[in-house]
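Secondary and tertiary structure notes
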Amino acid sequence: MTLTVLVLMMRYSRVSVGPDQPMYLASTAVFIAEIIKLCTCTGILAYNTQSIPRTIDIIRREIIGQPREILKMLIPSGLYALQNNLLYIALSNLEAATFQVTYQLKILSTAVFSVVMLNRRLTKQKWLSLCLLMLGVTLVQLQNVGTPKSPVVLDTKSDDGDSDFLNSSGVGDELDSSSSEDDSLVSQNPIIGLFAVLTSCISSGFAGCYFEKILKGSESDMWVRNLQLGISGSLFSFLAMFYDRQKIYEGGMFQGYSAITWCVITNQALGGLLVAIVVKYADNILKGFATSLSIIISGMISVYFFDFEPSIQFQLGTLVVILATVLYGRPDAAIPRFIRPQKK
Ligand code: C5P
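Residues numbered from 1 in each chain as written. Predicted model: local features only at pLDDT ≥ 70, side-chain atom pairs only at ≥ 80, totals over all residues. Heavy atoms only, no water.

As recorded by an unreviewed UniProt entry, the protein chain carries the name UDP-N-acetylglucosamine transporter and is attributed to Linnemannia exigua. Regarding the protein chain, the UniProt comment filed under Subcellular location (unreviewed entry) reads as follows: "Membrane". (UniProt positions renumbered as here; feature names shortened; annotations may be inferred.)

A count of helical and extended segments in the protein chain gives 15 helices and two strands. In the protein chain, buried positions account for 49% of the 344 residues. Contacts in the protein chain between residues at least 24 apart in sequence constitute 83% of all its contacts with a sequence separation of at least 6. (Helix = DSSP H or I, 4+ residues; strand = E, 2+ residues; numbered from the N terminus. Buried < 20%, exposed > 50% of the residue type's maximum accessible area, 1.4 Å probe, protein only. Contact = heavy atoms within 4.5 Å.)

If you walk through the whole model with that rule in mind, you get 11 aromatic pairs. Centre to centre, the rings of tyrosine 24 and tyrosine 88 are 6.2 Å apart; their planes meet at 85 degrees, and the pair counts as edge-to-face. Separated by 64 residues along the polypeptide, tyrosine 24 in the loop between helix H1 (2-15) and helix H2 (26-49) and tyrosine 88 in helix H5 (residues 74-93) bring together distant segments of the chain. Exposure remark for tyrosine 24: the relative accessible area of 2% places this residue in the buried category. (Phe/Tyr/Trp six-rings, centres within 6.5 Å; stacked < 30°, edge-to-face > 60°.)

This part is about the UniProt feature "transmembrane region" (unreviewed entry) in the protein chain. Those residues carrying the UniProt feature "transmembrane region" (unreviewed entry) are residues 23-49, 127-146, 191-211, 223-243, 255-279, 286-306 and 312-330 in this numbering. Spanning residues 191-211, this segment combines 100% helix with 0% strand, and its end C-alpha atoms are found 30 Å apart. Along residues 312-330 the backbone is 95% helical and 0% strand, and the end-to-end C-alpha distance reaches 27 Å.

A few words now on the site of the ligand. Near the ligand there are 14 residues, and of these Lys37, Asn84, Lys106, Ser204 and Lys287 occur at the shortest range. Side-chain polar atom of asparagine 84 to an oxygen atom of the ligand: 2.8 Å apart, as the coordinates give it. Measuring from an oxygen atom of the ligand, one finds a side-chain N or O atom of lysine 106 at 2.6 Å. Out of a free accessible area of 470 Å², the ligand has 92% covered by protein chains. Elements represented by at least two residues in the shell around the ligand include exactly H5, helix H10 (190-216), helix H11 (222-240) and helix H13 (259-281). In the shell around the ligand, the residues fall into six nonpolar, five polar and three charged. (Near = heavy atom within 4 Å. Polar contact = N/O pair within 3.5 Å; in protein donor to acceptor, adjacent residues only side chain to side chain. Areas by Shrake-Rupley, 256 points an atom, 1.4 Å probe, with all protein chains shown as cover. Nonpolar A, V, L, I, M, F, W, Y, C, P; charged D, E, K, R; others polar.)

Right, let's get into H10. In an α-helix, one full turn covers 3.6 residues, which means residues spaced three or four apart are oriented alike. Taking 1.5 Å per residue, 27 residues should reach 39 Å; H10 reaches 38 Å between its end C-alpha atoms and fits that length. The opening residue of H10 is asparagine 189, an N-cap whose side-chain oxygen sits 3.1 Å from the backbone nitrogen of isoleucine 191. (Expected span 1.5 Å × (residues − 1).)

Below, the discussion takes up a nonpolar patch on the surface. Nonpolar side chains collect at one region of the surface, where Ile297, Ile301, Val303, Tyr304, Phe305 and Phe306 lie side by side and expose about 720 Å² of accessible area between them. With respect to the helices, strands and loops of the structure, isoleucine 301 is situated in helix H14 (residues 284-305). (Patch = residues over 30% accessible without salt bridge, like charges linked within 9 Å, V, L, I, M, F, W, Y side chains within 5 Å. Salt bridge = Lys/Arg side-chain N within 4 Å of Asp/Glu carboxyl O.)

Moving on, we get to the pattern of salt bridges. Per the counting criterion, the structure on display carries seven salt bridges. Residues glutamate 69 and lysine 72 are paired through a salt bridge, measuring 3.4 Å at the closest nitrogen-oxygen approach. Of this pair, glutamate 69 and lysine 72 both sit in helix H4 (residues 67-72), three residues apart, which is roughly one turn of that helix. With relative accessibility at 16%, the residue glutamate 69 sits in the buried group. The exposure class assigned to lysine 72 is partly exposed, which follows from its relative accessible area of 36%. The partner of lysine 216 in a salt bridge is glutamate 212, with the nearest N and O atoms 3.1 Å apart.

All right, on to the nonpolar core then. Judged by nonpolar contacts, the single largest core of 30 residues is most densely connected at Tyr88 and Phe99. Of all the elements in the fold, those that place two or more residues in this core are H1, H2, H5, helix H6 (96-103), H10 and H13. In terms of nonpolar packing, the next biggest core, distinct from the first, is built from 25 residues, Ile58, Ile70, Val224 and Val279 among them. (Core = buried A, V, L, I, M, F, W, Y, C linked by side-chain atoms within 4.5 Å.)

Along the chain, leucine 130 turns up in helix H8 (residues 124-146). Residue classification places leucine 130 among the buried residues on the basis of a relative accessible area of 0%. In this structure, the C-alpha to C-alpha distance between leucine 130 and threonine 325, residues 195 residues apart in sequence, is 8.5 Å.

Let us now look at the environment of phenylalanine 236. Within the secondary structure, phenylalanine 236 is located in helix H11. For the pair formed by phenylalanine 236 and threonine 266, sequence separation is 30 residues and the distance between their alpha carbons is 19 Å. For phenylalanine 236, the residues in contact, after removing those within four places along its chain, are Leu74, Ser77, Gly78 and Ala81.

Let us now look at the side chain of glutamine 228. Inspection of the secondary structure puts glutamine 228 in helix H11. Among the polar contacts listed, one links the side chain of glutamine 228 to the side chain of arginine 225, at a separation of 2.9 Å. Contacts of glutamine 228, omitting those with residues within four sequence positions, involve Glu62, Ile63, Glu69, Ile70 and Met73.

The subject of this paragraph is the packing of H2 against H5. Look at H2 against H5: their axes get within 10 Å of each other, and the N-to-C directions meet at 140 degrees. Classified by the angle their axes make, H2 and H5 are oblique. Classified by chirality, the crossing of H5 by H2 is right-handed. Facing Ala26, Ser27, Ala29, Val30 and Glu34 of H2, the residues of H5 in contact are Asn84, Asn85 and Tyr88. Of the residues that constitute the contact of H2 with H5, the class distribution is four nonpolar, three polar and one charged. (Axes fitted to C-alpha atoms, helices over the stretch in contact; angles between N-to-C directions. Parallel < 35°, antiparallel > 145°, perpendicular 65-115°, else oblique. Left-handed = near helix turned anticlockwise from the far one by under 90°.)

Right, dumping it as structure tokens:
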């Protein structure tokens with residue numbers, strides 16, 4: 001649910017720019033999301049300890065006193081900062097449907113990194129179920145993005161006819177809507193979008209497994225780990241804002257922010273913390289299943305509450321996701337007797 005809503009809101013927030021409204025800067029949105037995560041983690045730590053002095057003591061001992069642990073987090077946080085920025089680029093340059101289909105590749109990249117980095121063994125049955133999951137969630141997502149129709153007319157070229165990397169990159173730049181006669185025309189570059197989404201898939205798999213390894217390889221509190229991740233993440237996203245320094249200097253950090261921008265940012269921040277909880281108590285592969293099932297459940301709830309009409313592809317996708325989940329959870333099929341190694 002969070003993911004679907006986030007994707008649709010993120011894209012809507014990037015393509016629906018009013019005539020006089022500047023586009024908000026994605027780099028500032030990513031930075032603010034990191035700050036919200038830091039504040040939330042500190043709040044949860046204070047709630048858990050029920051004491052401000054003890055919280056300060058934990059922060060002093062485990063955060064300020066452990067710079068090496070923060071250094072360890074530079075890799076996943078740098079990748080997450082890159083990935084969070086790339087998502088804005090992807091959604092500014094691809095149709096939501098194309099994005100949803102290609103973004104599901106992160107299910108496979110996560111599985112590959114789980115095998116390589118976490119020494120997890122995946123049988124053929126599990127690989128098959130992961131492929132089915134990808135297929136099923138793609139079908140389901142296509143319905144979500146297929147209706148209602150995108151309200152904007154999208155153009156793949158900038159006005160002078162050239163594909164302009166800077167004007168279509170999304171991050172650090174306003175989408176080029178002002179130069180067009182029609183304000184709803186937004187320039188897009190699908191190649192950049194595709195590159196961004198594929199890089200995000202690889203980054204998501206690697207960073208997720210790296211974080212899981214750190215989280216499960218020590219006794220440290222999950223919220224302390226998230227604070228360490230958040231500190232280096234804020235640093236990276238702060239540096240990313242330098243790309244936009246001129247615009248920030250001229251229009252301020254919050255230029256173009258609307259209620260929907262704040263919803264996107266909050267959703268991304270809280271969604272990120274939810275990811276951490278799932279990785280702690282389950283793992284990155286199961287997170288893929290949880291996300292897919294939540295999309296379906298939210299679809300089903302919408303049938304009752306919002307008169308949502310599931311299409312054939314949504315229903316088929318739901319069946320495939322359920323099949324994939326059952327297949328993944330089942331003990332591996334017994335090896336037929338005739339190919340079982342014979343005992344001497
Ligand atoms: O798509 P994926 O599951 O890789 O997305 C992970 C998201 O969760 C990223 O936006 C990342 O910033 C966030 N995250 C987080 N805290 C963690 C792990 C991930 O905020 N501990």
